[in-house]
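Per-entry structural report
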Amino acid sequence: MGRLLRSPGLILGAALTAALVGMALLSLGWTPYPPAEMNIAQRLAAPSAAHPLGTDQFGRDVLSMVMGGAWNSIVVALVAVAIGAGVGVPLGALAAARRGWVDEAVMRFNDFAFAFPALLSAVMITALAGPGAVNAIIAIGIFNIPVFARLTRGAALALWQRDFVLAARVAAKGDAAITVEHILPNLAGLLIVQATIQFALGILAEASLSYLGLGVQPPAPSWGKMLNEAQTYIYSAPRLAIFPGLAIALSVLGLNLLGDGLRDLLDPRLRRER
Amino acid sequence: MPLLEVRELSVSIGGVRLLDGVSFAVERGDSLGVVGESGCGKSLTALALMGLLPAGATAMGSIRLDGQELLGAPERRWQAVRGRRVAMVFQEPMTALNPVRSIGAQVAEGPRLHLGLSRADAERRAVQALDRVGLPTNRFPPTLYPHQLSGGQRQRVVIATALACDPDLLIADEPTTALDVTIQAQILDLLADLAGERGMALMMITHDLGVVAETTDRMLVMYAGRVAERGPTAEVFRRMAHPYTRGLLAASPHAAAARMGEAPPGLRLPTIPGQVPDPAHRPHGCPFADRCAFVTDGCRAAPPPEIAVGPEHTAACIHPRGEPAP
Amino acid sequence: MTTPLLEVADLVRDYALPRRRLFERPGSIRALHGVSFAVMAGESFGIVGESGCGKSTLARAVLALERPTSGTVRLLGRDLTALRPRELKAMRRHMSMVFQDPYGSLDPRHRVARIVGEPMGSLMPEVGRAERAERVREALSEVGLGAAAADRYPHEFSGGQRQRIAIARALITRPELVVADEPVSALDVSVQAQVLNLMLDLRERLGLSYLFISHDLSVVRCVTDRVAVMYLGRIVETGPTAEVFARPRHPYTQALLDAVPRPDPSRRGHRHARGEPAGDGAGGCPYAARCPRAAAVCAQAPDLAEKAPGHAVACHRV
C-alpha cells in the first residue's frame, strides 16, 4: 500500500481514469441537458452557470456532449480491447503451448496483421463495411488481436521453461490444464497493464474514426465528431475544439499513467516475493 | 601500515542494520578468506569496499586504503580506486561481461581509462592478460565475444579484466560457485597463482570452508552481520572455537563424507537447529544464541567481545570451545 | 534376482542442432551414448557429473518427459518408451521429481496446499477433496512443516523450507521412485544438511528409492548406495558409493574427487588437473583429450568393464 501512495503517476492516472469512467456512467442516467437537444437561441454561448462549457453552433450543451461522448468512447474501446484480448490471448497461449507449426502459423498471422497500419486499415474497413459503432468496434478490435497474441506468446514461452511447469508435466498434467492453471495466472499482471494501454489507444482510434465520420453516427455524441464540427469555428470559438480535445488527451494520459503505474506496482512486488 | 584497514564498518538499508561493526585488516600480498552463509553480510562487505553499496544504504565506520579514508569520500576518489587499486570478480560469469563487446575490448577498457594507455598499448596489455589467465590468443583471439566461451572461460576473462590494471587488492565474491567442480579447482588455482606472482592481496569471499582452507592464509567467519571468528586459516581449522564455525564444518557434506570412511549411507549429518535470524529482528546479545548448544544466560545479555583463543586467533564467544575441531 | 525398480538399457538421446543453411539437413548432438544402469527397490542411486555430461537429459528420459532416440526405460518392469499415453499416465504415479531451484519449482501464485496436492489431481482423480486435504497435511508434516503452511504462499518461506514443500509434493502419490536433480545445490550448507537428513529419514520410513543427481560427490556419498559417474553422455565408472569414493579408478573420477575443495588447510598450495570437456572426441574415449594417462589405445572408446565386485570402469588404462 505504501508503494501505491508513493507513486504520483499511478495516483494521477487512477484519478483521471476514475473521472473518465465516472463521467461516462453518470451520463447514462443524467446529463445537464440531453446531448442532442438543440437550442438555436443559445448557440455558441460562452461558458456560464447554465452551460459550464458553453454551447456549440446548434445550441447543444458542450458539457453534456462531452459526458455522452465519454460513454461512447469507453464502450467502443472496451469492447475492442475485449475482442483483442479474447482472441489474442488464447491464440498466443496456444502458440506457446503447442509450438511447431501452430506456433509458426500464429506468428505469420501476427506478422501479417502488424504489416498493416492499424488506423488506416480501421478506416478502410469501416469505409467499406459502412460507418457505425459496431463496425468501428470490430475494426479496432481486429488490430488489438496481434498485440495481445504476441505479448502472450512471448511471456508464455518463458513461463513454459520454469520448473514449476515441468513439475506439473511430471505429474501428468495436460497442456491445456497447465496453460489455464499456471501460465495465464502468471501472465495476468502483464496482460492487465497492456489492456489499459490498448484501452487508451482504443479511445484515440475511436475519436479518429468519428472525426472522419466513420464511428458512431449522429445523434449519438462523440468526441471525434465534436472535433470535426469544431473546425469551422476554430478562430471564433476555439473552445469547441479545446474541450473535446482536452477530454481525449486527459483520458489517454490517465490510462497510460495507470498502465505504467500498474506495471511498476505489480512487477517489483512479484520480484520481491522471491 | 596495512593495505586495507576496515574499522567498525556498519551498513544499514531501510533502517535495518545488515553489517554490525565489522573490523579487519588486509596486508599487502595477504590472502584473506571471508566465509559465511547467505545473510551474513559478506557480499555487502565486498560492495562496501568498492563503494558499490545500493542506493539507500547508509554506511558508518572507516575503510582506509593505504591510510586514505574511503568511506564517505566523493565519487571521484572511489573511481580512482575501483578497477585500479581494488578490483572485483563476481559470482556470475554469464552476466559479468557485456555481451555486445569483444573480450579484448573489455579487458582493455580498464588500462585505457585508468592508466591512460593508447588503444594499441591497451590492446597489447589485454592480450598479455588473457594469455596469463589461460586464454592464449592463438585459440582465443581477443575479437571473440562472451557467448562464444564457456562459463569457466568467461570467468577467466573476468579475472583478466580485474587484473589488467595491476590492482593491489582483488576481491573475489564466490568466484567459482556457478562453475563445475573441475573448472572451479582450476580457477581457484589461477587466482592463487596470480596473487602469488604479483604480490597482490586476495580477499576470497565464499560459503565453502573447503575453498577457504585450500586458498587462504587467514580467515574470517561471519554470522548475522558480525565477525564470529578470525585467525590464521590453519589455526582456525585446528581449533574451531566459535560454536557456529564448528557447526558449519560439521554440517558440511564434505566433512560428513570424510568421516564416513567406508560405511554405507544412513548416518545423519549434524545440523545447526533453527535458522539465521531475520536482520530486522536480531536478538540482543549473541546473534547465535538461539541456535547454540552451549548457550548460557550471559550470552543473551550483550554481544560477546572477541576473545583470544590462540595465536592471532579470536572468537566472539564467551565460552569458546577448546578441543580440536571434529 | 528380483526385478529392478528402474532399468535403463542402452539409452541414446540425440538433439537436432539448428539449421545453418536453409536447405541443409540439421546436424545433431548426442547427449547420451547408450547409458545403462539399474536401481533396485529401496536403493538410492547417484548420478554424478558436471555440465554437459547428460545427467539432466537422463533425468528427463527416465521421467518419460522426452522420448529417447533409442533404448528402453523400464519402471516396475514396464517399458515406458513403449506405452500408450494413457498407460504412461497411469505409471506416472510411481515416480516424481524434486528440482534444483527452490524458487522456481513452486508456482508463486498458488498456495502451498494446492502445490503439494497438484499431482493428485491428475494422477489420482478418484481421491475425494477431503481425503486429498488430509494427505496434503500428512505430507507437510512428514517433511517437518506444520499444517499452517498449507494456506501460505511460497514467497513466505525460506529456500530450505521451499525445498521441503517440493519434497512433500514429490511424495504425495507415494511413488516408489523419486528423481532428485541437484536437490540441495542451491541451499546454504547448514540447510543442505537438514534437507539431506530429511531425505534419508523419508527413505527409511517410506521405503523410497532415489535417483540422486548431483555434481557434488560429497553429497552423493552421504545419501546414495551406488553411484554412476558420467562424462560427456557416457557412464565412465559405477559401483557402490563407498567403494568408488574410497578407490576411484577412472581418471575422471579421480580428478573429480581431487577437485572438490576440502576443509583441510594442509591442501594449501595443491594444484589440480587441467582441461575442459571438449566436444565429442571422434569415436575414441571422450576423456582422452584431458587424460594424464591417455595412450594410443584410447583412440577406441572403452566399454564399462567390471574391475572389482560390482565396480565397473570404462578405461583401457586401468
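Residues numbered from 1 in each chain as written. Chains lettered and ligands numbered in written order. Predicted model: local features only at pLDDT ≥ 70, side-chain atom pairs only at ≥ 80, totals over all residues. Heavy atoms only, no water.

Concerning the interface of chain B and chain C
In many reports, interface size means the accessible area that the parts give up when they come together. Heads up, the rule is: Only heavy atoms matter for contacts: two residues are in contact if any of them lie within 4.5 Å across the pair. Here the quantity called buried area is the accessible surface, traced with a 1.4 Å probe, that two parts lose on coming together, added over both. The term salt bridge refers to a pairing of a side-chain nitrogen on Lys or Arg with a carboxyl oxygen on Asp or Glu at a separation within 4 Å. Throughout this description, a polar contact denotes any pair of N or O atoms lying within 3.5 Å of each other; where both atoms belong to protein, one of them has to be capable of donating a hydrogen while the other can accept it, and for residues adjacent in sequence the pair is counted only when both atoms sit in side chains. Put simply, DSSP marks the helices as runs of H or I at least four residues long and the strands as runs of E at least two long, and each gets a number from the N terminus on.
Facing 52 residues of chain B, the contacting portion of chain C comprises 49 residues. Of the roughly 4100 Å² buried between chain B and chain C, counting both surfaces, carbon and sulfur atoms make up 53%. Contact with chain C buries area across many residues of chain B, yet V181, E214 and R268 of chain B alone supply 17% of it, more than any other trio. A salt bridge links R268 of chain C to D217 of chain B, with the nearest nitrogen and oxygen atoms 2.9 Å apart. Connecting chain B to chain C are 22 residue pairs in polar contact (both at pLDDT 80 or more). Elements with a minimum of two residues in the side of chain B that touches chain C: α6 (151-163), α7 (181-198), α8 (209-215), α9 (233-238), α10 (243-251) and α11 (253-260) of chain B. Among the elements that line the side of chain B that touches chain C, the one with the most residues is α7 of chain B, at nine residues.

Observations concerning a nonpolar patch on the surface
Residues and elements named next belong to chain A. The line we're drawing: By definition, no residue in a patch forms a salt bridge, and every one has over 30% relative accessible area; like charges are joined within 9 Å, nonpolar side chains (Val, Leu, Ile, Met, Phe, Trp, Tyr) within 5 Å. With residues, only the protein chains shown are counted as cover, and all accessible areas are computed by Shrake-Rupley using a 1.4 Å probe.
On the surface, V21, L25, L28 and W71 cluster together into a nonpolar patch covering about 350 Å² of accessible area. Of all the elements, helix α2 (residues 8-29) adds the most residues to the nonpolar patch, at three residues. Relative to the helices and strands, L25 resides in helix α2.

Comments concerning the arrangement of the chains
Most contacts, among the two pairs of chains that meet, fall between chains B and C. There is a gap between chain A and chain B: no contact, and a shortest C-alpha distance of 14 Å.

Some points on the confidence of the model for chain C
Inclusion rule: Scored between 0 and 100, pLDDT is the confidence that the predictor attaches to each residue.
Here chain C shows a mean pLDDT of 89. Residues at 70 or above account for 98%. Taken over the whole predicted complex, pTM reads 0.85, whereas the ipTM for its chain interfaces reads 0.86.

Focus on the interface of chain A and chain C
Each partner contributes residues to the interface: chain A has 17 residues there, and chain C has 25 residues. Both faces combined, the contact of chain A with chain C buries some 2000 Å², and carbon together with sulfur accounts for 56% of it. Counting the contacts that link chain A with chain C gives two salt bridges. Its salt-bridge partner being E118 of chain C, residue K173 of chain A comes within 2.9 Å of it at the nearest N-O pair. Contributions of two or more residues to the side of chain A that touches chain C are made by α7 (163-170) and α8 (175-211) of chain A.

A few points about the packing of aromatic side chains
Any pair of aromatic rings gets described here by the distance separating the centres and the angle formed by the planes. How we decide: Stacked, edge-to-face and tilted labels apply to pairs of Phe, Tyr and Trp rings (six-membered ring for Trp) whose centres lie within 6.5 Å, assigned for plane angles under 30 degrees, over 60, and everything in between, in that order. Burial status follows relative accessibility: with a 1.4 Å probe on protein chains alone, a residue under 20% of its type maximum counts as buried, one over 50% as exposed, and anything between as partly exposed. Placement of a charge over a ring requires the Lys NZ or Arg CZ to be within 6 Å of the ring centre, with the centre-to-atom vector within 35 degrees of the ring normal.
Within this structure, the stated rule accounts for eight aromatic pairs over all chains. Ring geometry for Y252 of chain C and Y287 of chain C: centres 5.4 Å apart, planes at 65°, overall edge-to-face. With a gap of 35 residues between them, Y252 of chain C in helix α9 (residues 251-259) and Y287 of chain C in the loop between α9 and β11 (305-308) connect regions that are remote in the sequence. The pair formed by Y252 of chain C and Y287 of chain C is uniform in burial state, with each residue classed as buried. Grouped by ring-pair contacts, the aromatic residues Y223, Y244 and F288 of chain B constitute a single cluster. One residue, R321 of chain B, lies across the ring of F294 of chain B, its end atom 3.7 Å from the ring centre. Sitting over the ring of F245 of chain C, R221 of chain C keeps its end group 5.9 Å from the ring centre.

Examining the side chain of H242 of chain B
Residues and elements named next belong to chain B. With respect to the secondary-structure elements, H242 resides in the loop between α9 and α10. At 3.4 Å, the side chain of H242 forms a polar contact with the backbone oxygen of A316. Leaving out residues up to four positions away in the same chain, H242 has contacts with A228, E229, F288, A315, A316 and C317.

Quick look at the environment of P183 of chain C
Residue and element names in this part refer to chain C. As for its placement among the helices and strands, P183 is situated in the loop between β7 (177-181) and α6 (189-206). Judged by relative accessible area, P183 falls into the buried class, the value being 1%. A sequence separation of 173 residues divides P183 from D10, and the C-alpha atoms of the two residues are 26 Å apart. Setting aside residues up to four positions removed in sequence, P183 forms contacts with V98, F99, Q163, M199, F212 and I213.

Let's talk about the sheet that holds strand β2 (residues 28-39) of chain C
All names here are of chain C. As a reminder, the rule being used: The pairing criterion is simple: DSSP has to find at least two bridges between the two strands.
Read across the open sheet, the four strands follow the order β2-β1-β4-β5; overall the sheet is antiparallel. Where the open sheet ends on each side, the last strands, each with one partner, are β2 and β5 (78-79). In this structure, strand β4 (residues 70-75) lies alongside β5, joined through two bridges in antiparallel fashion. Of the residues in β5, the one forming a bridge with L75 is R78.

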